[in-house]
Amino acid sequence: MAFAFGPIATAGLGLLTVPVIAWIFHPADVGRLNMVQISVSFGVLLFNLGLDRAYIREYHEWGDRGALLKACFAPGFALLLLVVAITLPYDRRISMWLFGVENVGYYWILVACLIASFVSRFLSLILRMQDRGLAFSMSQVLPKIILLLILGGLALSAFSRSFVELEVAYFVSLLSVLFIYTWNTRREWNPAFAAGVSQAQVRGLLSYGVPLIFAGIAYWGLDATSSVALRSLSTLSELAVYSVSVSFAGVGVVFQTIFTMLWAPLVYKWVAHGVDMRRVDLIAQQALAVVCALWILCGVFSWVADFILPTRYLQVKYFMLCCIGQPLLYTLSEVTCVGIGITRKSMLSLWSTVAALIVNVAMSVWLVPGHGAAGAVIANAVAFLVFFVARTEASAYVWRPFPRARLYVVVAAAVGLSIATLIFGPVSPVHFSVVWLAMLPIVLWHFRTEWLGMYRSLRSAVRSEGWPVLARRGPDVRS
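(A) View of the overall build of the protein chain. Within the protein chain, the secondary structure is distributed over 23 helices and zero strands. Here the C-alpha radius of gyration of the protein chain, 23 Å, is about what a compact globule of 479 residues would show, namely 23 Å. Along the longest, intermediate and shortest principal axes, the C-alpha atoms of the protein chain span 65 × 60 × 55 Å. Intrachain contacts of the protein chain at a sequence separation of at least 6 include 83% that bridge at least 24 residues. Split by element, the accessible area of the protein chain, about 21700 Å² in all, is 69% carbon and sulfur. A gap of 6 Å separates the mean positions of the 34 positive and 21 negative side-chain charges of the protein chain.

(B) Representation of the packing of aromatic side chains in the model. Per the stated rule, a full pass over the model turns up 14 aromatic pairs. Consider the rings of Phe73 and Phe77, whose centres lie 5.1 Å apart with planes at 20°: the pair is stacked. Placement of the pair is Phe73 and Phe77 together in helix α4 (residues 65-87), with a separation of four residues, close to one helical turn. For Phe73, a relative accessible area of 23% puts it in the partly exposed group. Note on Phe77: relative accessible area 23%, which makes it partly exposed.

(C) The pattern of salt bridges, seen in detail. Per the stated rule, a full pass over the model turns up seven salt bridges. Here Lys317 and Asp306 are joined by a salt bridge, their closest N and O atoms 3.0 Å apart. In this pair, Lys317 sits in helix α14 (residues 316-323) while Asp306 sits in the loop between α13 (279-301) and α14, placing the two residues eleven residues apart along the sequence. Among the ionic pairs, Arg406 bridges to Glu450, the shortest N-O distance being 3.0 Å. Residue Arg406 is located in helix α19 (residues 405-424), and its partner Glu450 is located in helix α21 (residues 448-464); the two are separated by 44 residues in the primary sequence.

(D) Expanded view of α19. Between its terminal C-alpha atoms α19 stretches 28 Å, which fits the 28 Å expected from 20 residues at 1.5 Å a residue. All of the buried residues in α19 are Leu407, Val410, Val411, Ala414, Val415, Ser418, Ile419, Thr421 and Leu422. All buried residues of α19 fall inside an arc of 165° around its axis, so they share one side. The exposed set on the far side of α19, more than 90 degrees from its buried face, consists of Ala405, Val409 and Phe424. Tucked into the core, α19 has its buried residues touching α13, α14, α15 (325-336), α18 (373-398) and α20 (432-446).

(E) Molecular detail of the environment of Trp220. You can see Trp220 is positioned in helix α10 (residues 199-233). For the pair Trp220 and Ser39, spaced 181 residues apart in the sequence, the C-alpha separation amounts to 9.4 Å. Not counting residues within four places of it along the chain, the set of residues in contact with Trp220 comprises Ile38, Ser41, Phe42, Leu45 and Thr225.

(F) The environment of Val410, seen in detail. Mapped onto the elements, Val410 comes out in helix α19. Relative accessible area serves as the criterion here: at 18%, Val410 is assigned to the buried category. For Val410 and His60, which are 350 residues apart along the polypeptide, the C-alpha to C-alpha distance reads 36 Å. Ignoring anything within four residues of it in the chain, the contact list for Val410 reads Leu288, Cys292 and Phe447.

(G) Local environment of the packing of α18 against α19. Look at α18 against α19: their axes get within 10 Å of each other, and the N-to-C directions meet at 175°. The orientation of α18 relative to α19 falls into the category roughly antiparallel. Listed contacts from α19 to Ala374, Val377, Ile378, Ala381, Val382, Leu385, Phe388, Val389, Thr392 and Glu393 of α18 are Leu407, Tyr408, Val411, Ala412, Val415, Ile419 and Leu422.

(H) View of the side chain of Ser395. For Ser395, the position within the fold is in helix α18. On the basis of relative accessibility, which here comes to 0%, the residue Ser395 falls in the buried class. If we ignore the near neighbours within four places in the chain, the residues touching Ser395 are Thr336, Cys337, Val338, Gly339, Ile340, Arg400 and Phe402.

(I) Examining the nonpolar core more closely. With 141 residues, the main nonpolar core has Tyr55, Trp263, Trp295 and Tyr313 as its most contacted residues. When residues in this core are grouped by element, the largest group, 16 residues, is from helix α6 (residues 104-129). Among all residues touching Trp295, those that are not within four sequence positions of it are Leu321, Ile324, Gly325, Leu328, Leu329, Ala414, Val415, Ser418 and Trp436.

(J) Spatial organisation of helix α11 (residues 236-248). Compared with the 18 Å implied by 1.5 Å per residue over 13 residues, the 18 Å span of α11 between its first and last C-alpha is a close match. If you check which residues of α11 are buried, you get Leu236, Leu239, Ala240, Val241, Tyr242, Ser243, Val244, Ser245 and Phe248.

(K) Up close: the side chain of Asn360. Mapped onto the elements, Asn360 comes out in helix α17 (residues 346-371). Beyond its immediate stretch of four places on either side in the chain, Asn360 contacts Leu222, Thr225, Ser226, Ala379, Asn380 and Ala383.

(L) Fine view of the state of the cysteines. Enumeration according to the criterion identifies zero disulfides in this entry. With no disulfide partner, Cys323 has as its closest neighbouring cysteine sulfur the one in Cys322, 6.9 Å distant. Classification of Cys323 as buried rests on a relative accessible area of 6%. Counting only cysteine sulfurs, Cys292 is the nearest neighbor of Cys337, a cysteine outside any disulfide, at a range of 18 Å.

(M) The packing of α13 against α20, seen in detail. At a minimum axis separation of 8 Å, α13 and α20 run at an interaxial angle of 155°. Classed by the angle they form, the pair α13 and α20 counts as roughly antiparallel. Crossing of α13 over α20 shows left-handed handedness. Along its contact with α13, which presents Cys292, Ala293, Trp295, Ile296, Gly299 and Val300, the element α20 presents Phe432, Ser433, Trp436, Leu437, Met439, Leu440 and Val443. Looking at the contact of α13 with α20 residue by residue, the classes come out as eleven nonpolar, two polar and no charged.

Cut-offs and rules
- Residues numbered from 1 in each chain as written.
- Predicted model: local features only at pLDDT ≥ 70, side-chain atom pairs only at ≥ 80, totals over all residues.
- Heavy atoms only, no water.
- Helix = DSSP H or I, 4+ residues; strand = E, 2+ residues; numbered from the N terminus.
- Rg over C-alpha atoms; globule rule 2.2 N^0.38 Å.
- Contact = heavy atoms within 4.5 Å.
- Areas by Shrake-Rupley, 256 points an atom, 1.4 Å probe, with all protein chains shown as cover.
- Lys, Arg positive; Asp, Glu negative; His and termini not counted.
- Charge placed at Lys NZ, Arg CZ, Asp CG, Glu CD.
- Phe/Tyr/Trp six-rings, centres within 6.5 Å; stacked < 30°, edge-to-face > 60°.
- Buried < 20%, exposed > 50% of the residue type's maximum accessible area, 1.4 Å probe, protein only.
- Salt bridge = Lys/Arg side-chain N within 4 Å of Asp/Glu carboxyl O.
- Expected span 1.5 Å × (residues − 1).
- Arc of directions from axis to C-beta.
- Axes fitted to C-alpha atoms, helices over the stretch in contact; angles between N-to-C directions.
- Parallel < 35°, antiparallel > 145°, perpendicular 65-115°, else oblique.
- Core = buried A, V, L, I, M, F, W, Y, C linked by side-chain atoms within 4.5 Å.
- Disulfide = S-S within 2.5 Å.
- Left-handed = near helix turned anticlockwise from the far one by under 90°.
- Nonpolar A, V, L, I, M, F, W, Y, C, P; charged D, E, K, R; others polar.

See the structure below:
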């Protein structure tokens, strides 16, 4: 519950932040902000050298956790500073390529955003691995509040509303994340300065993390292909529509954030304690039920976007159904690909992502020039379907076979219905939300066993906390 609070509250604040940005700033500036965000995410993925995953993997098996933090953080941070120094002579070119404007200030604010996000990534892992859910959640929520307050100030007529103000506001929110994480983990990162780390230990961590570098870059490419294609083959306005559509698919990101935050450490703990891993099969089916329910609810209520966005973003309600496939399919693949992590076959993650990346690039080049943001979201949805299937098949191959036909049929149907809504929704005589609403009872009935199992698990967990005792004694407590 403590870990879930952060993503849920962040998503709620995001539903306020995205419309505010859309109303205040020009669509071209919204598109430029998207380029900042994907550049920062690329930098974090590249420069951490896969050692953030190594930190999670080895946390329960290293005795000196300060040394583990140092061994995982130092190589990537040194590489980050080196690359920043090398790119200094090309700051104007980089700004022009990313933002369409030769402004050195844009480049330096981007570098500052990248450094703050890189450090915050490792500090956040400390809170996660220590199960400090409330501290972790508050570190996510407070920066969103700060960003919203800054945007509220910019909305006043006395302030200009150019991209530099938007980029600075984004940087200030990231900087506040860094300050909060630094304070909350001060007792853990301070010993890391004096910890001794051998070259053999660093090489061992890199041997696990290096394959994940390429997998991470490939995943970034998979995630960013649509944005890059729109920036190169279309207009910043189309990129803005795509960016807002992705942001409004935030309910899927909430589910992804909560689940992936808890899942990987839990699985590796099960492995370390010799737990029967056949339980993953049941969890996969339960995750599929939740994914379908969230997808359908998004389809039922996506029309709400029309009431909180400017009229130039009317297409968002159709696009977001394809966009939500990305976080939901990624989350589901985290369950089905668990065998790759358990067997340490990291290269399979790379090849699975590369296969999906090739599909995304090919379809984006084909669809984006003629269809803009619509082509981008279709390409992204199909690519993540390929990503899910490839990771699942790879896990079944190197670990153990498990039931997969139901997973593939249901997921393919969801992607197909999302694409059909995008294509036919604007011209259909029947409102598309009615079609999605009709799917809800079907999903509830089809997954009735999984819903019952989750209910029983939740009831068991509540009883283990002693809450039913309070419930039975409610009248005495009130008296």
